[in-house]
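In case you want the letters, here they are:
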Amino acid sequence: MFRMRLFSLLLIFLLTVPSVYCGETVSDALGPEDAKTVDTILEKLKITMEYKRNEGTLAVLSYEELYLPLNDTEKKFLKDLQALSPEALGIKTPHLGIPQNMPDLVKIENQPVMKDGKPFPVSTQYLPRKVYEQYELMMKAMEKELGTRLYVESGYRSPAYQLYLFIFYLVQHKYSVKETARWNAFPGYSEHGYPDKQAIDFISQDGVSGEENPALFEKLVEYEWLVKYAAEYHFKMSYPRDNPMGIGFEPWHWRYDETPETRKNKS
Ligand SMILES: [Zn+2]
């Protein structure tokens, strides 16, 4: 079923000259059978995800672990989904690729985020070493000026975890692949899985994040500080309001990006 849908999506894309493609012509909510497959996959993966979360290794989930509890149809569904072209869905983010080797990651545990006066658990996160070092430098500067800092709600994500997240959010977006793609990247297209442009989703000390409250994040003094100073630490906001990539405004999502000058000096 999904293969048929996939084929027709690509056909629609091919029949539509990209320059006049308005991004609105694809009606893409999954049919009941595919939606049921998604539900089944999520149900089957519950134990794996719970285990990985408790172990603090959810963000580095492998494809092997992802596929282990699934049957052939379910595996194929995920593989077809991953092969889908974001361009056909109106997404214009560049293909970054999937790094061959696992980067040198720093594990970030027990971040002291509080919410409504109580500790707010943030799952264990990972960042490539050089990105972690810049992030810590930036936070020291922020703390010095504001007395508060930001923490990492989401850092590095393996491609398998990115794929899992996509179907997890599919349900929340009424099984619309297109709407989900506006908010959650495909593996290979996510800055969370690409160490050279590693993205961090920030959460404030008192628990304000994009996940919890997108509108509130933009009002934070910490956000204002980032807009002013993040570039000094090689962090850039990837998806400003009304960005040409077709991605929703994400004031909490900043990527590590060396300036051309820095890159020139290093190479
Ligand atoms: Zn993000």
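The preceding data block contains the structure.
Residues numbered from 1 in each chain as written. Predicted model: local features only at pLDDT ≥ 70, side-chain atom pairs only at ≥ 80, totals over all residues. Heavy atoms only, no water.

Draft legend 1. Spatial organisation of the overall build of the protein. The number of helices and strands found in the protein is 10 helices and 8 strands. Within the protein, the proportion of its 267 residues that are buried is 52%. For the protein, the proportion of contacts with a sequence separation of at least 24, taken over those separated by at least 6, is 71%. Just so you have it, the protein exposes about 14100 Å², and 55% of that area is on carbon and sulfur atoms. (Helix = DSSP H or I, 4+ residues; strand = E, 2+ residues; numbered from the N terminus. Buried < 20%, exposed > 50% of the residue type's maximum accessible area, 1.4 Å probe, protein only. Contact = heavy atoms within 4.5 Å. Areas by Shrake-Rupley, 256 points an atom, 1.4 Å probe, with all protein chains shown as cover.)

Draft legend 2. Inspection of the pattern of salt bridges at higher detail. Taken as a whole and judged by the stated rule, the model has 12 salt bridges. Taking the shortest distance from any N to any O, the salt bridge between E65 and K52 comes out at 3.0 Å. Residue E65 is found in helix α3 (residues 63–67), and its partner K52 is found in helix α2 (residues 32–55); the two are separated by 13 residues along the sequence. Owing to a relative accessible area of 29%, E65 belongs among the partly exposed residues under this scheme. Salt-bridge contacts for R149 lead to E136; the nearest nitrogen and oxygen are separated by 3.3 Å. A residue pair is termed long-range when its members are at least 10 positions apart, and R149 in the loop between α5 (129–146) and β5 (150–154) and E136 in helix α5 qualify at 13 residues. Comparing R149 with E136 shows no difference in burial state: the two are buried. (Salt bridge = Lys/Arg side-chain N within 4 Å of Asp/Glu carboxyl O.)

Draft legend 3. Structural detail: the coordination of the zinc ion. Protein ligation of the zinc ion involves H192 (NE2), D201 (OD), D201 (OD) and H253 (ND1), the donor distances falling in the range 2.1 to 2.7 Å. Expressed as a motif, the donor residue spacing for the zinc ion is H-x8-D-x51-H. Of this pair, H192 sits in the loop between α7 (177–183) and β6 (199–204) while H253 sits in strand β8 (residues 253–256), and the two are 61 residues apart along the sequence. On the basis of relative accessible area, H253 is assigned to the buried category, the value being 3%. (Donors = N, O, S within 2.8 Å, 3.2 Å for Na, K, Ca; no water.)

Draft legend 4. Examining the nonpolar core more closely. If you look at the biggest cluster of nonpolar residues, it comprises 31 residues, and the most contacted ones within it are V38, L66, L78, Y164, I167 and F186. Put simply, the parts of the chain that give this core at least two residues each are α2, α3, α4 (72–83), α6 (159–172) and α7. Sort the elements by how many residues they give to this core and α6 lands first, with 9 residues. Setting aside anything within four residues of it in sequence, one finds L78 in contact with I41, L66, Y67, L70, L163 and I167. Within the second largest apolar cluster, 28 residues are counted, among which are Y151, F217, F235 and F249. (Core = buried A, V, L, I, M, F, W, Y, C linked by side-chain atoms within 4.5 Å.)

Draft legend 5. A look at α2. Look at α2: 34 Å from first C-alpha to last across 24 residues, which is about the 34 Å you get at 1.5 Å a residue. In the structure, α2 departs most strongly from a straight axis at K46, where the bend amounts to approximately 45°. Turning to α2, its buried residues are D34, A35, T37, V38, I41, L42, L45, T48, M49 and K52. Residue G56 follows α2 closely and has a positive phi angle near 75°. (Expected span 1.5 Å × (residues − 1). Bend = angle between axes of the 7 residues up to and from the residue.)

Draft legend 6. Focus on helix α9 (residues 221–229). Buried within α9 we find E222, Y223, W225 and L226. Buried residues along α9 cover an arc of 155° about the axis, so they all sit on one side. Buried residues along α9 sit in contact with α5, β5, β6, α8 (214–217), β7 (235–237) and β8. (Arc of directions from axis to C-beta.)

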